[in-house]
Amino acid sequence: MAYRKKQKYSLWVSLLILAAISAAMAFGSRGGTGMVAGSAPQSSSGAQLSGTEQDATSVYFLDVGQGDSELIRLKTGENILIDAGTPETAQELADYLADLGVSKIDCLVATHPHADHIGGMEQIVSRFEIGQIYMPRIPDSQIPTTAAYEKLLTAIDKKGLKITAPKAGTVIVHNGDEKLEILAPNSAKYDDLNSYSIVAMLTSGEKKFLFTGDAESDSEKEMVAKGYDLRCDVLKCGHHGSSTSTSAAFLKAANPKTAVISCGLNNDYGHPHKEVISRLQKAGVTIYRTDQQKTVLAQCDGKSIRFTTGLNSVGK
């Protein structure tokens, strides 16, 4: 009888110890002092998640090498994909999104028809359910004849999807305190395809993210002249940090706290250019670069933004 009482007491002690250990591990996995760089929340299946759909707007600045691609995951669960990297990372990008649990792209934005921005988009259209598609209208004399562009149009036609031309001032997504609004292009014709780039502002509560594609200084000047509210917390720098974008006047109007530059390691273009880095540093802007810090994740609860660096690159 004494042995049975002692055995029962030991069992209760063991259970209490196990409960304490489990609680400590649970707290540690949530990260009491913030997410460790290079890590991300995990789903039960092991896929990286951007937090629960209810508590954060998540923006992945995907490392696609010398290209551009951003995935926005709204609190309500919708997915917005801005650009899709290069043809070389097309399959890998589609796999990456699938691993994140993406099955539908509710809004697909091709900022402009250069292969380093739309190279993987044919794969995206073919593989995922697609909602709205936004692409700038290009004059016939400037329409590219690249394989990437032709394949994208063919994939869109095969699915019977419709392309919508962007119009500055149009709100294309509005869910509660989350909104995506188009700010450019503002002209029907530009000398350079880059300047046709769709520029969009994402609002999440009190915070704003500005995505600029490859918009050049002429498009930036138009936005400033039209008096658009360009103030943002996070700026995705235009044209991979080229000196032809992120002009002094545009940077002053945007006044970001953080800038993200999407570019490839040791790329042939010398991106990002020293002038832009210097301009950002003098303005006191924190800089993230996909060539140095791989995929960058920004999670916004509407009042603050939390960054995680070192997430997996696409295709590497």
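For the structure itself, look to the data block above.
Cut-offs and rules
Residues numbered from 1 in each chain as written. Predicted model: local features only at pLDDT ≥ 70, side-chain atom pairs only at ≥ 80, totals over all residues. Heavy atoms only, no water. Buried < 20%, exposed > 50% of the residue type's maximum accessible area, 1.4 Å probe, protein only. Helix = DSSP H or I, 4+ residues; strand = E, 2+ residues; numbered from the N terminus. Pairing = 2+ DSSP bridges. Right-handed = clockwise from strand over helix to strand, strands pointing away. Contact = heavy atoms within 4.5 Å.

> Can you explain the pairing of strand 10 (residues 207-211)? Please cite residues and give values.
Of all five residues making up strand 10, four are buried, and the element is well covered by its neighbours. Bridging between strand 9 (residues 199-204) and strand 10 involves five bridges; their strand directions are antiparallel. When the sheet's bridge partners are listed, Ser 204 is paired in strand 10 with Lys 207. Turn length for the strand 9-strand 10 hairpin, with the two strands adjacent in sequence and antiparallel, is two residues, and the turn residue Gly 205 shows positive phi of about 60 degrees. Looking at chain direction, strand 10 and strand 11 (residues 234-236) are connected through three bridges and run parallel. Each bridged residue has a counterpart across the sheet, and for Phe 209 the counterpart in strand 11 is Val 234. For the crossover from strand 10 across helix 6 (residues 217-225) to strand 11, the handedness is right-handed.

> Which residues make up the pairing of strand 1 (residues 57-61), and what values go with them?
Most of strand 1 is tucked away: five of the five residues are buried. Burial of strand 1 is two-sided: the residues Thr 57, Val 59 and Phe 61 facing one way and the residues Ser 58 and Tyr 60 facing the other way are all buried. Relative to strand 14 (residues 295-300), strand 1 is paired through five bridges, and the arrangement is antiparallel. Looking at strand 14, one finds that Tyr 60 is bridged to Leu 297. Across four bridges, the pairing between strand 1 and strand 2 (residues 70-73) is antiparallel. Following the sheet pairing, Phe 61 is matched in strand 2 by Glu 70.

> Account for the side chain of Thr 86, with residues named and values stated.
Within the secondary structure, Thr 86 is located in the loop between strand 3 (79-82) and helix 2 (90-99). Accessibility expressed as a relative area gives 10% for Thr 86, which makes it buried. Those residues in contact with Thr 86 that sit more than four places away from it in its chain are Val 64, Gln 66, Gly 67, Ala 115, Asp 116, Gly 119 and Gly 120.

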